[in-house]
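Spelled out from the first residue to the last, the chains are:
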Amino acid sequence: MPRSKNQKNNNQRRDPFHKEELKQKGLSEKFVRLRGMKDIIFEENKYWDLAIKKASDLAEIYGFKKIQTPILEPLELYRKSTGETSDIVAKEMYSFVDKNGEKVALRPEITPSLVRAYIENGMLNLPHPVKMYSFGPIFRHEKPQAGRYRQSHQFDMEIFGEASPVADFLLMLIAYNLFSELQIDIELQVNNIGCKVCRGEYIKKLTAYYKERGNRSRLCNDCKRRLEKNPLRLLDCKEANCIALKDGAPPIVDFLCEDCKKKFTRVLEYLDEMNIPYNLNLSLVRGLDYYTGTVFEITAKEEGDKNPNGQLSLGGGGRYDTLVEFFGGRPTPTCGFAIGIERTVAKIKTAGVPLEKDDKNIIFIAQLGDAARRKAMGLFEELRKSGLKVKQAFTRDSLKDQLEEANALGAKLTLILGQKEMNDKTIMVRDMESGNQEVVDYKKVKTEVEKRINNN
RNA sequence: GUGGCCAUAGUUUAACGGUAAAACAUCGGGUUGUGGUCCCGAUGUCGAGGGUUCAACUCCCUCUGGCCACCCCA
């Protein structure tokens, strides 16, 4: 691909507004989209609809129910769950004080809201497991890049009250199915970061390793900070020195407790059994603080010369067995995952299933003169209600304009109703491909149209 | 948040230290009851601000925005 193509701006490089006029009104500056935000226009939405429909259908089939929660939540919901050491909360949250002096935040992810909703709506009285899915915008104040926005959208699924590793597996299965059915090549990365008990032990060992024999001084600055705040993330660093050090670090699997080990093994067994390819990635830790046990991430497979580090993750999730309890609910083992819609849509466009064209068998109704227009509007409703794909341009007067429109819409037939036809109680049926047209009895128009469509 | 590259009509792209061009798209006409082809015409652009210069779209700075890498993540 030529260089200039990549570097071309998609958005907002000029000012389509009438600057001078706005300036006179003192409004010159800010009628532009905020950075990192995006308009999703017309045809683009077909791809979105496809992704969301596929995901929702799958979710429903596996017994998940839809839930919608507010985009604005109390700040505290994220501070202590997603985690103060996570970048998402520490640096990227859209938070502010509202008119009542309450600290609020635009949600940077969906999971905490669903946990909150689970507890607040007394869902512990529902038959368990409680499985739910949700779709909507999330907000993170990052520096925008391709596939990275300040408002983006996630499709989120959660299973409450199921400790069995089958639940973890189920989420991966659904994610895998979703992307396969969208014909997107993915890689599934799986790891287990241990429960409250064994992870504590492991972190002690890990920290000790990094502090011994001057290992610490070889770490990059970020990692020195990580060593204090969130040692697990040391495994995630991409600096050459840190990667080298990581190879000597104790692997987490060696420290998993019996329970964690057993569950992890079972997750992997299920994956093997169902022939779902995965990549056991012992460095996968994920950036949210609440994870326990199984974690997984889905990245797009890139062919050719794309650099492997540049892979954006399409989705990720895992188990967070302590979060419900942490929020004040009854101890409830829970797991979930989220996929990023923008990135998924981008993949569908380049490698995914083609959109179905729904412009077959379009019938355009054209009219001339106001009396004919009224009759044509009635005909439009009649044909529409019988399931035909009718289109119109009743605001237009000239037949030329209407035929142009019919052509642009890719109409198969155009029905023409003018004064002449009104007088004769007929209507003209024009085949748009051949240009042949035939006058038919107005009463028979519907059967004639249906006959011509079915002949195809 | 850090570093690098970039910014010309709605879109894709030209050219030039002497104030801009093409294609496609849009609108109008050729054809006031006939589209898709064809012909003619019109609309519309140097992201913003400052500096250098007789003169800046062109050179310099700042901002804004985009892309890339890092960071992080969906």
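Structure's up top.
Note that the structure is a prediction, hence the values are computed from the model and not measured.

Counting secondary structure elements, chain A contains 18 helices and 16 strands. Relative to a compact globule of 456 residues, whose C-alpha radius of gyration would be 23 Å, chain A shows 29 Å and is clearly more extended. Each of the three principal axes of chain A carries a C-alpha extent, and together these read 100 × 60 × 55 Å. A sequence separation of at least 24 residues applies to 69% of the contacts in chain A between residues at least 6 apart.

Moving on: the sheet that holds strand 9 (residues 294–300). Strands in a sheet are paired, the pairing made by backbone hydrogen bonds, and the direction either parallel or antiparallel. If you walk across this open sheet you meet the 8 strands as 1-5-6-11-10-9-7-8, and the pairing is mixed. Single-partner strands in this sheet number two, and they are strand 1 (65–66) and strand 8 (279–280). Alignment of strand 6 (residues 151–160) against strand 11 (residues 334–340), held across 7 bridges, turns out to be antiparallel. Considered in strand 11, the bridge of Phe 155 is made with Ile 339. Strands in contact with helix 14 (residues 341–351) are strand 6, strand 9, strand 10 (313–319) and strand 11; relative to strand 11, the strand with the most contacts, it is inclined by about 50°.

For helix 15 (residues 370–385), built from 16 residues, the straight-helix expectation of 22 Å at 1.5 Å per residue is met to within 8% by its first-to-last C-alpha distance of 23 Å. Along helix 15, the positions that sit buried rather than exposed are Ala 372, Ala 376, Leu 379 and Phe 380. When helix 15 is viewed along its axis, its buried side chains cluster within an angular range of 110° and face the same direction. Structural note: helix 15 exposes Asp 370, Gly 378, Glu 381 and Lys 385 on the side pointing more than 90 degrees away from its buried face. Buried positions along helix 15 lie against strand 12 (362–367), strand 13 (389–392), strand 14 (413–417) and helix 17 (419–424). Positive phi appears at Gly 387, one or two residues downstream of helix 15, with a value of about 95°.

Moving on, we come to the environment of Lys 400. You can see Lys 400 is positioned in helix 16 (residues 399–409). You can call Lys 400 exposed: it has 10 C-beta atoms within 10 Å. Spatially, the C-alpha atoms of Lys 400 and Ala 366 are 9.7 Å apart, while their sequence positions differ by 34 residues.

Reading the values: the criteria
Residues numbered from 1 in each chain as written. Chains lettered and ligands numbered in written order. Predicted model: local features only at pLDDT ≥ 70, side-chain atom pairs only at ≥ 80, totals over all residues. Helix = DSSP H or I, 4+ residues; strand = E, 2+ residues; numbered from the N terminus. Rg over C-alpha atoms; globule rule 2.2 N^0.38 Å. Contact = placed C-beta atoms within 7 Å. Pairing = 2+ DSSP bridges. Axes fitted to C-alpha atoms, helices over the stretch in contact; angles between N-to-C directions. Expected span 1.5 Å × (residues − 1). Buried ≥ 20, exposed ≤ 12 C-beta atoms within 10 Å, placed from the backbone. Arc of directions from axis to C-beta.

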